[in-house]
Amino acid sequence: DAGVIQSPRHEVTEMGQEVTLRCKPISGHNSLFWYRQTMMRGLELLIYFNNNVPIDDSGMPEDRFSAKMPNASFSTLKIQPSEPRDSAVYFCASSAAGTMAAGEQYFGPGTRLTVT
Amino acid sequence: TQLLEQSPQFLSIQEGENLTVYCNSSSVFSSLQWYRQEPGEGPVLLVTVVTGGEVKKLKRLTFQFGDARKDSSLHITAAQPGDTGLYLCAGATQGAQKLVFGQGTRLTINP
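Below you will find a few notes about this structure. (Residues numbered from 1 in each chain as written. Chains lettered and ligands numbered in written order. Predicted model: local features only at pLDDT ≥ 70, side-chain atom pairs only at ≥ 80, totals over all residues. Heavy atoms only, no water.)

1. Quick notes on the overall build of chain A
Check the secondary structure of chain A and you find zero helices and 11 strands. Relative to the compact-globule value of 13 Å for 116 residues, chain A shows a C-alpha radius of gyration of 13 Å, a close match. For chain A, the C-alpha atoms occupy an extent of roughly 40 × 30 × 30 Å along the three principal directions. Put simply, chain A has 116 residues, and 48% of those count as buried. When contacts within chain A are restricted to residue pairs at least 6 apart in sequence, those whose partners lie at least 24 apart make up 54%. For chain A, the exposed area adds up to about 5,700 Å²; of that, 50% sits on carbon and sulfur atoms. (Helix = DSSP H or I, 4+ residues; strand = E, 2+ residues; numbered from the N terminus. Rg over C-alpha atoms; globule rule 2.2 N^0.38 Å. Buried < 20%, exposed > 50% of the residue type's maximum accessible area, 1.4 Å probe, protein only. Contact = heavy atoms within 4.5 Å. Areas by Shrake-Rupley, 256 points an atom, 1.4 Å probe, with all protein chains shown as cover.)

Here it is, written out as structure tokens:
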């Protein structure tokens, strides 16, 4: 079975450009999570969805970041405009747990974003 | 704000040695998970502990949840080079889906 799929795997862009990261969760999973990982701050939750609905976006750094989940098999994380401090590895994870418990999260391979 | 502190942050030991990694918090968690992450990949779940005092074993790895459900430890016996990686603990509170991750322990096992 395919795991969580993320694209692109690597993205290099210039400051001010728009960046869109994509995620396809595991089929049948009803929760999707976007994380950012850096050496300084570790793994941080940005936003998560239940049944395609955003539940908690308190981790989104600022208005430059936005996330959507138009259907159960696709989500995007957009940064506009991008800044050098956004450079990090961005992970998408999905879970089949119910809405009242934290179950196993399956992570994708990540997108390494470099903003110059 | 719930925080999970892991120690040590870095550990480099020789093959065959034993080691323990700690995950501590002032908050109570309903469950705690341990993940291992290898370079260029996402974290992979190793175990979930849910009961205070619970001990789980996964081959040479032993996981323990503190009695008060505020801390956890991971003990590796006879470490092997294949155990090298970033070990992350993650806690969840009652009724919540989201996980709070520790900073991780970067473990290197030298042949």
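From this point, the narrative continues.
2. A look at the interface of chain B and chain A
Across the boundary between the two partners, chain B contributes 20 residues, which contact 28 residues of chain A. Interface area for chain B against chain A, summed over the two sides, is near 1,700 Å², with a carbon-plus-sulfur share of 49%. Looking at the side of chain B facing chain A, the largest losses of area belong to Q97, K98 and F101 of chain B, adding up to 37% of the total buried there. Here chain B and chain A share one salt bridge between them. The closest approach of N and O atoms between K98 of chain B and D56 of chain A, which form a salt bridge, is 2.6 Å. Looking at the side of chain B that touches chain A, the elements with two or more residues in it are β4 (31-37) and β9 (85-92) of chain B. The leading source of residues in the side of chain B that touches chain A is β4 of chain B, at four residues. (Buried area = accessible area lost by both parts, 1.4 Å probe. Salt bridge = Lys/Arg side-chain N within 4 Å of Asp/Glu carboxyl O.)

3. A word on the pairing of strand β5 (residues 44-49) of chain B
Summarising the sheet, β4 of chain B and β5 of chain B pair through five bridges and their orientation is antiparallel. The residue bridging W34 of chain B from the neighbouring strand is V47 of chain B, located in β5 of chain B. (Pairing = 2+ DSSP bridges.)

4. A few points about the state of the cysteines
Residue and element names in this part refer to chain B. All chains considered together, the criterion is met by two disulfides over all chains. Here C23 engages in a disulfide with C89; their sulfurs sit 2.0 Å apart. On the sign convention where negative is left-handed, the bridge of C23 and C89, at about 80 degrees about the S-S bond, is right-handed. Of this pair, C23 sits in strand β3 (residues 19-24) while C89 sits in strand β9, and the two are 66 residues apart along the sequence. Accessibility classification places C23 together with C89 in one group, the buried group. (Disulfide = S-S within 2.5 Å.)

5. Quick word on the sheet that holds strand β8 (residues 71-76) of chain B
Residue and element names in this part refer to chain B. Here five strands make up an open sheet; going across it, the order is β1-β3-β8-β7-β6 and the pairing antiparallel. Every interior strand has two partners, whereas the edge strands, β1 (5-7) and β6 (55-58), have only one. The mean inter-strand angle of the sheet, taken between neighbouring strand axes irrespective of direction, is 15 degrees. The sheet contact formed by β3 and β8 spans six bridges and is antiparallel. The residue bridging V21 from the neighbouring strand is L74, located in β8. (Axes fitted to C-alpha atoms, helices over the stretch in contact; angles between N-to-C directions.)

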